[in-house]
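Coordinate inspection notes
One-letter residues, chain by chain:
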Amino acid sequence: MERVALFPGSFDPFTLGHLAVAERGLEMFDRLVVGIGVNASKAGLLVPERRAELIREVFAGHASASEGRVEVELYEGLTGDFCRRRGIRHILRGLRNPADFIYEHDMEMANARIFPEITTVALFTPAEYIPVSSRLVREIITMGGDPAGFLPRGIDIKKFL
Ligand code: ADP
């Protein structure tokens, strides 16, 4: 049976930290669906469709290991409901620090109760990516700086703003 995981998040924007999680996820699963959770009441920096384009560009130009194995989709509503609609039984998340752990554990417990068939897999972030966050990238952009060092190689964020 094909092993598929949903990697859900805001990805505003997708960073080197997200890429580290996705690459390790691709070692464990046959395919990844990167799901951009759309929250109509939160504007964000990049509009959701641009976030998706950026992620597609990352994997289009990426090592052949991900060839055709990463799909990017937008979804609204509960992540577990999206998994059910797609028949996906694994959720992939990344853990940087104790704050992430507390949040992810709460989410996992809630999901396990509502969607008992779904298993959450959380991966520890490689140390070099712990300081990387979408929020930091957004702040650098807002202050007029260049966030390229936090983004996957070759991504020109200006194209997606
Ligand atoms: P959300 O709003 O759902 O937290 P994010 O886009 O911020 O969405 O993050 C999506 C997932 O990626 C989360 O599991 C988050 O912990 C993880 N993540 C974010 N940044 C990093 C990083 N630098 N290293 C590893 N995981 C990360």
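Residues numbered from 1 in each chain as written. Predicted model: local features only at pLDDT ≥ 70, side-chain atom pairs only at ≥ 80, totals over all residues. Heavy atoms only, no water.

1. Structural notes on the overall build of the chain
Scanning the chain for helices and strands turns up five helices and five strands. Helices and strands in the chain line up, N terminus first, as β-α-β-α-β-α-β-α-β-α. For the C-alpha atoms alone, the extent of the chain along its principal axes is close to 45 × 35 × 30 Å. Here the chain, with 161 residues, has 43% of them falling under the buried criterion. Residue pairs at least 24 apart in sequence account for 78% of intrachain contacts in the chain once pairs closer than 6 positions are excluded. Counting only carbon and sulfur atoms, one obtains 54% of the accessible surface of the chain, whose full area is about 9000 Å². (Helix = DSSP H or I, 4+ residues; strand = E, 2+ residues; numbered from the N terminus. Buried < 20%, exposed > 50% of the residue type's maximum accessible area, 1.4 Å probe, protein only. Contact = heavy atoms within 4.5 Å. Areas by Shrake-Rupley, 256 points an atom, 1.4 Å probe, with all protein chains shown as cover.)

2. A look at the site of the ligand
Surrounding the ligand, one finds 16 residues, the nearest of these being Ser-10, Phe-11, Gly-94, Thr-125 and Val-132. The separation between an oxygen atom of the ligand and a polar main-chain atom of Phe-11 is 2.9 Å. Gly-94 is positioned such that a nitrogen or oxygen atom in its backbone is 2.7 Å from an oxygen atom of the ligand. Protein burial of the ligand: of its 540 Å² of free accessible surface, 86% is covered by the chains. For the shell around the ligand, the secondary structure elements donating two or more residues are strand 1 (4-9), helix 1 (16-28), strand 4 (90-95) and helix 4 (98-114). Residue classes in the shell around the ligand are distributed as six nonpolar, six polar and four charged. (Near = heavy atom within 4 Å. Polar contact = N/O pair within 3.5 Å; in protein donor to acceptor, adjacent residues only side chain to side chain. Nonpolar A, V, L, I, M, F, W, Y, C, P; charged D, E, K, R; others polar.)

3. Comments concerning helix 1
Spanning 13 residues, helix 1 covers 19 Å between terminal C-alpha atoms, matching the ideal 18 Å at 1.5 Å per step. Its side-chain oxygen placed 3.1 Å from the backbone nitrogen of Gly-17, Thr-15 serves as the N-cap of helix 1. (Expected span 1.5 Å × (residues − 1).)

4. Quick notes on the confidence of the model for the chain
Per-residue pLDDT for the chain has a mean of 94; in total, 97% of the residues score no lower than 70. Element-level mean pLDDT values for the chain span from 95 in helix 2 (residues 48-60) up to 98 in strand 1. (pLDDT = per-residue confidence, 0-100.)

5. Here's the deal with the environment of Ile-114
By secondary structure assignment, the location of Ile-114 is in helix 4. Along the chain, Ile-114 and Asp-81 lie 33 residues apart, while their C-alpha atoms are 9.5 Å from each other.

6. Concerning the pattern of salt bridges
Overall, the coordinates contain 14 salt bridges when judged by the stated rule. Where Glu-104 meets Arg-93, a salt bridge forms, and the shortest distance between an N and an O atom there is 2.8 Å. One end of the pair, Glu-104, is in helix 4; the other, Arg-93, is in strand 4, with eleven residues separating them in the sequence. The two residues Glu-104 and Arg-93 agree in class, both being buried. Three or more residues are tied together by salt bridges with common partners; here these are Glu-2, Arg-31, Glu-71, Glu-73 and Arg-86. (Salt bridge = Lys/Arg side-chain N within 4 Å of Asp/Glu carboxyl O.)

7. Regarding the nonpolar core
Counting 29 residues, the largest nonpolar core has Phe-7, Phe-14, Leu-54, Ile-55, Phe-59 and Leu-92 as the members making the most contacts within it. When contributions to this core are tallied by element, the ones reaching two or more residues are strand 1, helix 1, strand 2 (31-38), helix 2, strand 3 (70-76), strand 5 (119-124) and helix 5 (134-142). For Phe-14, the contacting residues outside a window of four places in its chain are Phe-7, Leu-19, Ala-22, Leu-54, Ile-55, Val-58, Phe-59, Leu-151 and Pro-152. The next biggest cluster of nonpolar side chains, apart from the first, holds ten residues, and it includes Leu-6, Phe-82, Phe-115 and Ile-118. (Core = buried A, V, L, I, M, F, W, Y, C linked by side-chain atoms within 4.5 Å.)

8. A word on the sheet that holds strand 3
As summarised here, the arrangement of the five strands in space is 3-2-1-4-5, forming an open sheet in which the pairing is parallel. Looking along the sheet, the strands with just one partner apiece sit at the ends: strand 3 and strand 5. Direction aside, the axes of adjacent strands within the sheet are offset by 30° on average. Bridge count for strand 2 against strand 3 is seven bridges, and the pairing is parallel. Bridge assignment links Gly-35 to a residue of strand 3, and that residue is Glu-73. Here helix 1 sits on the sheet and contacts strand 1, strand 2, strand 3, strand 4 and strand 5; the angle it forms with strand 5, its principal contact strand, is near 120°. (Pairing = 2+ DSSP bridges. Axes fitted to C-alpha atoms, helices over the stretch in contact; angles between N-to-C directions.)

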